[in-house]
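An overview of the molecular structure
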Amino acid sequence: MTTIATIAMIGRWMRRAVLAMAVLAVSAAPALAQQFEKVDRIQREEIPAARFVAIAYGIIWLAILTYVLFVAGGLRRVNDEIADLKRRLRSKE
Amino acid sequence: MRSLGIGFWIALLLAAAGFLIVPSLIVKAPIEPNMGLIQKIFYFHVPCAIMLFLSTFVCAGGAIAFLFKRSERGDRIALAAAELSVLFGVCVLTSGPLWGRKAWGVWWQWDARLTSSLLLFLMMVGYLLARRYGGPAGRKLSAALALFAAINVPLVYKSVDIWRTVHPQTTVVPKLDPKMMPAFWSAFFLMTLVWALLLTIRVRLERARAELAELRLDAEDDLAEVRT
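Computed from a predicted structure; not experimentally measured.

1. Overview of the overall build of chain A
In terms of regular secondary structure, chain A is built from two helices and zero strands. The buried share of chain A, reckoned over its 93 residues, is 10%.

2. Quick notes on the nonpolar core
Residues Cys-48, Ala-78, Ala-146, Ala-149 and Ala-187 of chain B are the most contacted members of the largest nonpolar core, which totals 64 residues. If you list the elements that add at least two residues to this core, you get α2 (49-92) of chain A together with α1 (6-28), α2 (42-69), α3 (72-103), α4 (112-133), α5 (138-162) and α6 (181-227) of chain B. Discounting chain neighbours no more than four positions away, the residues touching Ala-146 of chain B are Cys-59, Ala-60, Ala-63, Ala-78, Ala-82 and Tyr-127 of chain B.

3. Concerning the confidence of the model for chain B
Summarising the model, chain B shows a mean pLDDT of 90, and 97% of its residues fall at 70 or more. For this predicted complex, the interface confidence comes out at an ipTM of 0.87, alongside a pTM of 0.81.

4. A few points about α2 of chain B
Residues and elements named next belong to chain B. Helix length check: α2, at 28 residues, gives a terminal C-alpha distance of 40 Å against a target of 40 Å (1.5 Å per residue), a fit within 8%. Burial of α2 is extensive: 20 of the 28 residues sit out of reach of the surface. Just beyond α2, the residue with positive phi is Arg-70, at close to 55°.

5. Focus on unusual backbone geometry
Residues and elements named next belong to chain B. Within the chain, Arg-70 stands out as a residue other than glycine whose phi angle is a positive 55°. Note on placement: Arg-70 falls in the loop between α2 and α3. Judged by the 9 C-beta atoms lying within 10 Å of it, Arg-70 is exposed.

6. Thoughts on the interface of chain B and chain A
Listed per partner, the contact involves 30 residues of chain B and 25 residues of chain A. Where the side of chain B that touches chain A is concerned, the elements lending two or more residues are α2, α3 and α6 of chain B. Tallying contributions element by element places α6 of chain B first for the side of chain B that touches chain A, with 15 residues. Among the residues making up the side of chain B that touches chain A, the classes are represented as 17 nonpolar, three polar and 10 charged.

7. Considerations on α5 of chain B
All names here are of chain B. Counted at 1.5 Å a residue, the expected span for α5 with its 25 residues is 36 Å, and the 35 Å between its end C-alpha atoms agrees. The principal kink in α5, of about 30°, is found at Val-156. Buried within α5 are the following residues: Ser-142, Ala-143, Leu-145, Ala-146, Ala-149, Ala-150, Val-156, Ser-159 and Val-160. On the buried face of α5, the contacting elements are α2, α3 and α4.

Definitions and cut-offs
- Residues numbered from 1 in each chain as written.
- Chains lettered and ligands numbered in written order.
- Predicted model: local features only at pLDDT ≥ 70, side-chain atom pairs only at ≥ 80, totals over all residues.
- Helix = DSSP H or I, 4+ residues; strand = E, 2+ residues; numbered from the N terminus.
- Buried ≥ 20, exposed ≤ 12 C-beta atoms within 10 Å, placed from the backbone.
- Core = buried A, V, L, I, M, F, W, Y, C linked by C-beta atoms within 7 Å.
- Contact = placed C-beta atoms within 7 Å.
- pLDDT = per-residue confidence, 0-100.
- Expected span 1.5 Å × (residues − 1).
- Nonpolar A, V, L, I, M, F, W, Y, C, P; charged D, E, K, R; others polar.
- Bend = angle between axes of the 7 residues up to and from the residue.

Okay, here's the thing in structure tokens:
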């Protein structure tokens, strides 16, 4: 009895799904068709190659320069601290 | 800076000359018929990728010296190389999508080469994070991570031959037009020089930091003696 009821329920759901899909297909078809418009002159997407090349090189050299400045700054700071500490240690002696 | 040695200053001079010569060679190189002007990114994109691989191998070498021989110098070299991996990783992963946007029409493709390159980059970022925030075991943890990253490098390189991918294959450089060779090799040597110079000054910074830490300990000991 339960099996029959389950099969019947699945059948009902399948009928509803098929009906829903048919309704959606019928209603969507004109909507989709209305979105197509005739264009006389096709505008192609133009990606500026020269600008992209310049940006790529710019990013590479900027990254390297930033790193050089970061390391040089760190080196100067640490060297200053070393000199300061050495001076203080010498003055204590 | 005087103690950097004559080799450093010669390399610096050569790099400065390279910055003047290489761009003119790239401009003079013929334009690739299929991709056009955007192909010129290749002359720096590929050397940056090679420097990423080289940095990862050097990092792993330093990590092995640190893990198995307790070499502090190895550890310093590993840290410097890891930072360079991240630096050149940034260069590769920004110049590549710019090239891809024009050549393939998309910024990014989850194909084998791009994904494995991103993973390699993230591994090296992981190295730096583990080292900075890993606590007392951070150095060992990051060294182990560097070994995994080095194992990933051959996979990144061969990924274009093993799997189907939109990225050009490894045969591109050997089959390069002879007229494009001067631009490519000069850019490659310039990038190698820059890499060597950066590694030298970064290792030097780490050595100076170690010296500073020792001096601070000495200063603290002296203060303790004065107090007692």
